[in-house]
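Next come the chains, spelled out residue by residue.
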Amino acid sequence: MSLRRNTSAFSSYVALTKPRITLFVVMTAFVGFVAGTKGPLSGMDLGLLFHTLLGTALVASGTSAFNQVWEKELDGRMQRTAARPLPSGRLPLAGAAVFAGALSVVGLVELLLFTNGITTALAAFTLVSYVCVYTPMKTRSPASTIVGAIPGALPPLGGYVAAAGALGLPGLALFAILFVWQLPHFFAIGWRHRVDYAKAGVVILPVIDPTGRSTARQTLLWTAVLLPVSLLPSLVGTAGFAYAFGAFAMTLLFLASSLRFARDISDGRARSLFLASIGWLPAILVLLVLDRV
């Protein structure tokens, strides 16, 4: 019985870190590190890469845990999140807060000791802006979606700075791609779960837009913006023609899915748009790495 309780507690603490989101963050930081590596990738500093990804993963995990601490009551009001460790009562709030703080501090110390001050500052800003600005703003203003896209786009920039030692256009290009991509991605999620969000008091565009027309227009607008933004790595010299061609073609497909949603504002189209968005980003990141190789 004790072993079962310990196993359950362990899995609950792991769930606090939102492992899939953490994996996504680490993946984007890795692509940033690749973009910031000068010369052949065979000369990549693997030790520096390890510490960069480890520190990034720890801070991302701590950020997710703090987010769930803050949103315990809100999560309990939504069907899709009611089973999380805190609203379900599987973990104590104080224990979760200590866990989140420990992960965050260890991650920031890891980055400070083994990378550089700018990378550490970017990670700290990601943590603070996500937990202290974006999270409380979700119940107050639909602008929270844009605000939340800023910390969500910083990990690849942090990875770039860790490798390059300074800010640079290639890293900022990756930031721009991640920033713009998040908006149609989240609008698709928001429309599919708008009833759940409304019950919880989350103020996002799909909740205050009952017809879905504004949501569809914003989705189409940001996906269209993504078309030129996705080409930035080639324009700043990080990638070549192969990447530009592939990125343009894949973004056209993404845009087509967004257009279909705008013409038929339905849960089915929103789901298709969501799937297009989660397929687009990994494909773009893999294409960037392959082009760099």
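This structure is a prediction, so every number in the text was calculated from the model and none was measured. (Residues numbered from 1 in each chain as written. Predicted model: local features only at pLDDT ≥ 70, side-chain atom pairs only at ≥ 80, totals over all residues. Heavy atoms only, no water.)

A. Inspection of the packing of helix α8 (residues 169–192) against helix α14 (residues 267–292) at higher detail. Running from N to C, α8 and α14 cross one another at 160°; their axes reach a closest spacing of 8 Å. Overall, the two elements α8 and α14 adopt an arrangement that is roughly antiparallel. The handedness of the crossing between α8 and α14 comes out as left-handed. Contacts from L174, I177, L178, W181, P184, H185, A188, I189, W191 and R192 of α8 reach α14 at D267, A270, R271, L273, F274, S277, I278, W280, L281 and L288. Of the residues that constitute the contact of α8 with α14, the class distribution is 15 nonpolar, two polar and three charged. (Axes fitted to C-alpha atoms, helices over the stretch in contact; angles between N-to-C directions. Helix = DSSP H or I, 4+ residues; strand = E, 2+ residues; numbered from the N terminus. Parallel < 35°, antiparallel > 145°, perpendicular 65-115°, else oblique. Left-handed = near helix turned anticlockwise from the far one by under 90°. Contact = heavy atoms within 4.5 Å. Nonpolar A, V, L, I, M, F, W, Y, C, P; charged D, E, K, R; others polar.)

B. A look at α8. With 24 residues, α8 extends 35 Å from end C-alpha to end C-alpha; this agrees with the ideal 34 Å at 1.5 Å per step. Burial of α8 is extensive: 19 of the 24 residues sit out of reach of the surface. (Expected span 1.5 Å × (residues − 1). Buried < 20%, exposed > 50% of the residue type's maximum accessible area, 1.4 Å probe, protein only.)

C. Summary view of empty space enclosed by the protein. Inspection of every chain in the model, using the stated rule, returns one cavity of 30 Å³ or more. Around the largest cavity sit V31, V34, A35, T238, L288, V289 and R292, which together line it. For the lining of the largest cavity, the secondary-structure elements that each account for two or more residues are α2 (19–36) and α14. A class-by-class count of the residues in the lining of the largest cavity yields five nonpolar, one polar and one charged. (1 Å grid on protein atoms, 1.4 Å probe; cavity = no way out; pocket = protein on both sides within 12 Å on 5 of 7 lines; lining within 4 Å. Points joined across faces, edges and corners; volume = space filled by probe spheres on them.)

D. Examining the pattern of salt bridges more closely. Applying the stated criterion to the full structure yields five salt bridges. The partner of E71 in a salt bridge is K138, and the shortest N-O contact between them spans 2.8 Å. Note that E71 is positioned in the loop between α3 (46–70) and α4 (72–76) and K138 in the loop between α6 (117–137) and α7 (144–164), a separation of 67 residues in sequence. Residues E71 and K138 agree in their burial class; the two are buried. The shortest N-O distance in the salt bridge between R84 and D75 comes to 3.1 Å. On the accessibility criterion, R84 (24% relative accessible area) is partly exposed. For D75, a relative accessible area of 1% gives the class buried. (Salt bridge = Lys/Arg side-chain N within 4 Å of Asp/Glu carboxyl O.)

Everything listed here is a matter of coordinates, which is why it stays silent on function.
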